[in-house]
Amino acid sequence: MSLMERVQKANNTDDLFVIAGKSRYLEELKSQLQQRISSDEIASIMAENPARAKNEIRSACARIFQDDRWVSQTADERETLVEELINTVFGLGPLEALLSDENITEIMVNGEKALFFERGGKLYPAENTFKDEEQVRALIDRIIGPLGRRIDEASPMVNARLKQGHRVNAIIPPLSLDGPVLTIRKFREHLYTLEEMEEIGSAEKTVREFLVWAVLSRKNIAVSGGTGSGKTTLLNALSCKIPADERIITIEDSAELKFSGHPHVIRLEARPQNAEGTGEVNIRDLVINALRMRPDRIIVGECRGGEALDMLQAMNTGHDGSLTTLHANSSEDAVMRLSTMVRYVADLPVDVIETQIAAAIDLIVQITRDVEGKRFVCEIASFCFSRKASLGEVSTLYRRNRYRDQGEWLICPDWIDSLAENDLANTKEVALWKQESCLPALPS
């Protein structure tokens, strides 16, 4: 029996709904349809022909709307109800509209009654919520099921990735005391370039030019910042400047980096344990393997553990121009965090580790988000280590505070003067950059 026939039969009985306000319409409609078609039937139709499945839903809804009790609803209201129903049955329910909004960067489900989203760096409550905890749990299962992942009391946390590339984290009771919690970090289909970051005020002109030259000069760069500060966005923008004749290998926990225009990119993604507790492949394993894949540049989406040691060794053994990100509140904190992560896997003296960091990392680019939600590059620094003094020192090249639209350059690194020799910029361009940065001009 088709879905249409099921609804026809239902309309000839007395088990139709009693409507008590507009908020009940959708729930009653969902209830009727879900009583007439099982989840197995939905899955079967959807797998065979998604378009036909949605058309059956629309036809069934049209049949229900013929009942006199729907006469007060406008065509637009009915269409909205149908779309929301389709989103619930085939999509992600209340999250579909949020996921389709390009300006929303984060979606947070705090149990059944609270749904928030981030737009422009600020949080807002969403109008639609979930009916109960079971609906949230069903949504989580729908997201992670196709990925071969599971979440239950034995394994109450999971990280996954949607087909659009969005990053998903879910945690359920008993770890989450207020019900199942779902967090989705969205990534724009259209990537920000350094030029666009300049236009929106995230990086002024001199910073943009400096970072382009740094990438072309094969400087190893670590992008640091807090959660949601824009580290991955900046890393993607930097990656766009890598020459097309170089082989890039990206390594990520959840694949977020995009290379739509580069012809030679190998993307690697870590794999968690399976249901039997085996099969894990972590970031460190992938970094080690990447060294055997003839990379020109290695990009590690985020260093958060022992892979920091392998990343530093790769940078120190001929893979110049590599990029990575890490969580840190300042350039000094970035160095300390790298040192701590290396010590996770190697019992080395601090001075030895800092020597490795100084030799490997050419630039630390700190990005931040202010109280208004604006993201911008707030510091660019280098790190050097003095063997005589057994002391590492962070030198700030550029800094900008949250109260100013322009930053200030304090130091010009030596390699800037070599750009013309390496055909990466001409003498006039470098001189103009120094003039705009209020730095000493090149000697005549």
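Residues numbered from 1 in each chain as written. Predicted model: local features only at pLDDT ≥ 70, side-chain atom pairs only at ≥ 80, totals over all residues. Heavy atoms only, no water.

Peer 1: What am I meant to see in the sheet that holds strand E6 (residues 181–185) here?
Peer 2: Picture the strands of a sheet paired through backbone hydrogen bonds; they go either parallel or antiparallel. Pairing in this open sheet of six strands is antiparallel, and the strands run E3-E2-E1-E6-E5-E4 from one edge to the other. Because the sheet does not close on itself, it has two edges, and the strands there are strand E3 (122–125) and strand E4 (157–161). The mean angle between the axes of side-by-side strands here comes to 15 degrees, regardless of whether they run parallel or antiparallel. Summarising the sheet, strand E2 (residues 114–119) and E3 pair through four bridges and their orientation is antiparallel. For Phe116, the partnering residue across the bridge sits in E3 and is Pro125. Helix-sheet contacts for helix H7 (residues 133–144) involve strand E1 (104–110), E4, strand E5 (167–171) and E6, and the interaxial angle to E6 is about 45 degrees. (Pairing = 2+ DSSP bridges. Helix = DSSP H or I, 4+ residues; strand = E, 2+ residues; numbered from the N terminus. Axes fitted to C-alpha atoms, helices over the stretch in contact; angles between N-to-C directions. Contact = heavy atoms within 4.5 Å.)

Peer 1: I would appreciate a short explanation of the nonpolar core in the present structure.
Peer 2: In globular proteins that are soluble, nonpolar side chains generally tend to be buried together. By size, the foremost hydrophobic cluster in this structure holds 38 residues, and its most contacted members are Phe210, Leu234 and Ile380. In terms of residue count, the dominant contributor to this core is helix H9 (residues 205–216) (seven residues). Not counting residues within four places of it along the chain, the set of residues in contact with Phe210 comprises Leu363, Ile380, Leu397, Trp409, Pro413, Trp415, Ile416 and Trp433. The next biggest cluster of nonpolar side chains, apart from the first, holds 36 residues, and it includes Ile283, Ala308, Ala346 and Ile361. (Core = buried A, V, L, I, M, F, W, Y, C linked by side-chain atoms within 4.5 Å. Buried < 20%, exposed > 50% of the residue type's maximum accessible area, 1.4 Å probe, protein only.)

Peer 1: Would you mind going over the packing of aromatic side chains with me for this structure?
Peer 2: The geometry of two aromatic rings is summed up by the distance between their centres and the angle between their planes. Counted by the stated rule, this structure contains seven aromatic pairs. With centroids separated by 5.1 Å and ring planes inclined at 70 degrees, the aromatic side chains of Trp409 and Trp433 adopt a geometry described as edge-to-face. With Trp409 in strand E15 (residues 408–409) and Trp433 in helix H15 (residues 427–436), the pair connects residues that are 24 residues apart, well separated along the chain. Among the residues examined, Trp409 registers a relative accessible area of 8% and is labelled buried. Members of the aromatic cluster, joined through ring pairs, are Phe210, Trp213, Tyr398, Trp409, Trp415 and Trp433. (Phe/Tyr/Trp six-rings, centres within 6.5 Å; stacked < 30°, edge-to-face > 60°.)

Peer 1: Please clarify how the packing of H9 against H15 should be interpreted in this entry.
Peer 2: The geometry of a pair of packed helices is captured by two quantities: the angle between their axes and the separation between those axes. Packing of H9 against H15 leaves a shortest axis separation of 10 Å and a crossing angle of 140 degrees. Relative to H15, the element H9 is oriented oblique. In terms of crossing hand, the pair formed by H9 and H15 is left-handed. Here H9 contributes Lys205, Thr206, Glu209, Phe210 and Trp213 to the contact with H15, which in turn contributes Glu429, Val430, Trp433 and Glu436. Class assignment of the residues belonging to the contact of H9 with H15 gives a composition of four nonpolar, one polar and four charged. (Parallel < 35°, antiparallel > 145°, perpendicular 65-115°, else oblique. Left-handed = near helix turned anticlockwise from the far one by under 90°. Nonpolar A, V, L, I, M, F, W, Y, C, P; charged D, E, K, R; others polar.)

Peer 1: In this structure, what is going on with the side chain of Glu106? I would like to understand it.
Peer 2: Along the chain, Glu106 turns up in strand E1. Within the local environment of Glu106, its side chain forms a polar contact with the side chain of Arg185, the two groups lying 2.6 Å apart. When sequence neighbours within four positions are dropped, the list of residues in contact with Glu106 reads Phe116, Phe117, Glu118, Thr183, Ile184 and Arg185. (Polar contact = N/O pair within 3.5 Å; in protein donor to acceptor, adjacent residues only side chain to side chain.)

Peer 1: Would you take a moment to explain the pattern of salt bridges for this structure?
Peer 2: Two side chains bearing opposite charge may form a pair once their charged atoms approach each other closely. Tallied over the full model, the rule gives 17 salt bridges. We note a salt bridge from Glu198 to Arg208, for which the minimum N-O separation is 2.9 Å. Separated by 10 residues along the polypeptide, Glu198 in helix H8 (residues 194–199) and Arg208 in helix H9 bring together distant segments of the chain. Across the pair Arg284 and Asp310 runs a salt bridge whose closest N-O atoms are separated by 2.5 Å. With Arg284 in helix H11 (residues 283–290) and Asp310 in helix H12 (residues 307–315), this pair connects stretches of sequence that are 26 residues apart. (Salt bridge = Lys/Arg side-chain N within 4 Å of Asp/Glu carboxyl O.)

Peer 1: Just to check I follow, could you spell out the packing of H12 against helix H13 (residues 331–345) for this structure?
Peer 2: Running from N to C, H12 and H13 cross one another at 110 degrees; their axes reach a closest spacing of 7 Å. Between H12 and H13, the angle falls in the class roughly perpendicular. Along its contact with H12, which presents Ala308, Leu309 and Leu312, the element H13 presents Leu338, Met341, Val342 and Val345. Looking at the contact of H12 with H13, its residues break down into seven nonpolar, no polar and no charged.

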